[in-house]
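Results of the structural survey
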Amino acid sequence: MNKKTIWITGGSTGIGKALAIKFANKGWNVAISARREELLNEICNQYENISAFKLDVTDKSKCVDVFNEIKSKYENIDICFFSTGTWNPKKEKDIDVDQMEEVFNVNFFGTVNSIKAVEQYFKDKKNGIITIVSSIAGYRGLPNSTGYGPSKSALNNLAESLYFDFKRSNVRVCLVSPGFIKTPMTDKNNFKMPFLKTPEYAADQIYDGLVNKNIFEIHFPKALTVTLKLLSFLPSKIYFKLVGRLTKYQKNS
Ligand SMILES: NC(=O)c1ccc[n+]([C@@H]2O[C@H](COP(=O)([O-])OP(=O)(O)OC[C@H]3O[C@@H](n4cnc5c(N)ncnc54)[C@H](OP(=O)(O)O)[C@@H]3O)[C@@H](O)[C@H]2O)c1
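Residues numbered from 1 in each chain as written. Predicted model: local features only at pLDDT ≥ 70, side-chain atom pairs only at ≥ 80, totals over all residues. Heavy atoms only, no water.

Here we come to helix α7 (residues 222-232). Of the residues making up α7, those classed as buried are L224, T225 and L231. Take α7 and look down its axis: the buried residues cluster within an arc of 120°, on one side only. For α7, the secondary structure elements touched by its buried residues are β6 (172-178), β7 (217-220) and α8 (236-246). (Buried < 20%, exposed > 50% of the residue type's maximum accessible area, 1.4 Å probe, protein only. Helix = DSSP H or I, 4+ residues; strand = E, 2+ residues; numbered from the N terminus. Arc of directions from axis to C-beta. Contact = heavy atoms within 4.5 Å.)

Spelled out as structure tokens, the structure:
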């Protein structure tokens, strides 16, 4: 088998699903993982080069088992794209420790479990790409984001740390920071999302960044991400004032 192969977690809906279809249409073998097998199978039924590997990323040993299954099916894995994530806006206003633990278990430790499962394979192979999907919410603290933002900030730091580590083995670690993309995750938001884009737009940006460029961070849409990056360089006092105003955040809301 000569084709290149990508493993996508969070492949049942949203950005992961759109990216799976993008890579499949470009002729790649695509392995998709998520918990909802019926959604994975619906996608596989439409694309002969996409295969489903059911996985809950909070289960460490299952991450290893699933990666072994993917390796035995495809032999050579070129890109891993770890995009599982969870966000519940209703529970992000308070310090709800159970909720924060759940968010970290999926967004942060779920990604760590996935990376750990592929670590030795890529270090031995000495090429390939490990992709961590973060968010603009990880750049700096935002109102009403007690679990999600911190979990994404932790991923940003992890990605930079792993960049050095994997570079020694010629493996590229890549960070993806999407702005607002219309998916089941953001359908829960009850505020107007600036520069909202489709999952297909996200998939085009990510495909281009992974396949055609050699960059660390793939971020989009630039009109939003560059503005937020500039804001993130500001001293806290000015940052709080500006972001408070921009998000119309009221102290007691
Ligand atoms: N949409 C945006 O505006 C936006 C912006 C910035 C960053 N992001 C990030 O992009 C990634 C994809 O988000 P999305 O917008 O495409 O949301 P989504 O459509 O809700 O996709 C989330 C995916 O994660 C999977 N998942 C959740 N918990 C899991 C678990 N324990 N084990 C395995 N899979 C799990 C879901 O599948 P199952 O439920 O079937 O398991 C689903 O495939 C997330 O990391 C998100 O934080 C999204």
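Most of strand β2 (residues 29-33) is tucked away: five of the five residues are buried. Neither face of β2 is exposed, since N29, A31 and S33 on one face and V30 and I32 on the opposite face are all buried. The pairing of strand β1 (residues 5-9) with β2 spans five bridges and is parallel. Considered in β2, the bridge of T9 is made with S33. A crossover connection joins β1 to the parallel β2 through helix α1 (residues 14-25); in handedness this β-α-β unit is right-handed. (Pairing = 2+ DSSP bridges. Right-handed = clockwise from strand over helix to strand, strands pointing away.)

The grouping of D56, D59, D65 and E69 at the surface amounts to a negative patch. Along the polypeptide, D59 turns up in the loop between β3 (50-52) and α3 (60-74). (Patch = residues over 30% accessible without salt bridge, like charges linked within 9 Å, V, L, I, M, F, W, Y side chains within 5 Å. Areas by Shrake-Rupley, 256 points an atom, 1.4 Å probe, with all protein chains shown as cover. Salt bridge = Lys/Arg side-chain N within 4 Å of Asp/Glu carboxyl O. Lys, Arg positive; Asp, Glu negative; His and termini not counted. Charge placed at Lys NZ, Arg CZ, Asp CG, Glu CD.)

Turning our eyes to something else, we now look at the site of the ligand. Neighbouring the ligand are 29 residues; T13, R35, Y148, I181 and T183 lie closest to it. Taking G14, its main chain carries an N or O atom lying 3.4 Å from an oxygen atom of the ligand. A distance of 2.6 Å separates an oxygen atom of the ligand from a polar atom in the side chain of T183. Protein burial of the ligand: of its 880 Å² of free accessible surface, 95% is covered by the chains. Contributions of two or more residues to the shell around the ligand are made by α1 and α5 (148-167). The residue makeup of the shell around the ligand, split by class, is 12 nonpolar, 13 polar and four charged. (Near = heavy atom within 4 Å. Polar contact = N/O pair within 3.5 Å; in protein donor to acceptor, adjacent residues only side chain to side chain. Nonpolar A, V, L, I, M, F, W, Y, C, P; charged D, E, K, R; others polar.)

By the element assignment, T5 lies in strand β1. According to the relative accessible area criterion, T5 is buried, its value standing at 0%. At 3.3 Å, the side chain of T5 forms a polar contact with the side chain of N29. Setting aside anything within four residues of it in sequence, one finds T5 in contact with W28, N29, Y74, N76, I77, D78 and I79.

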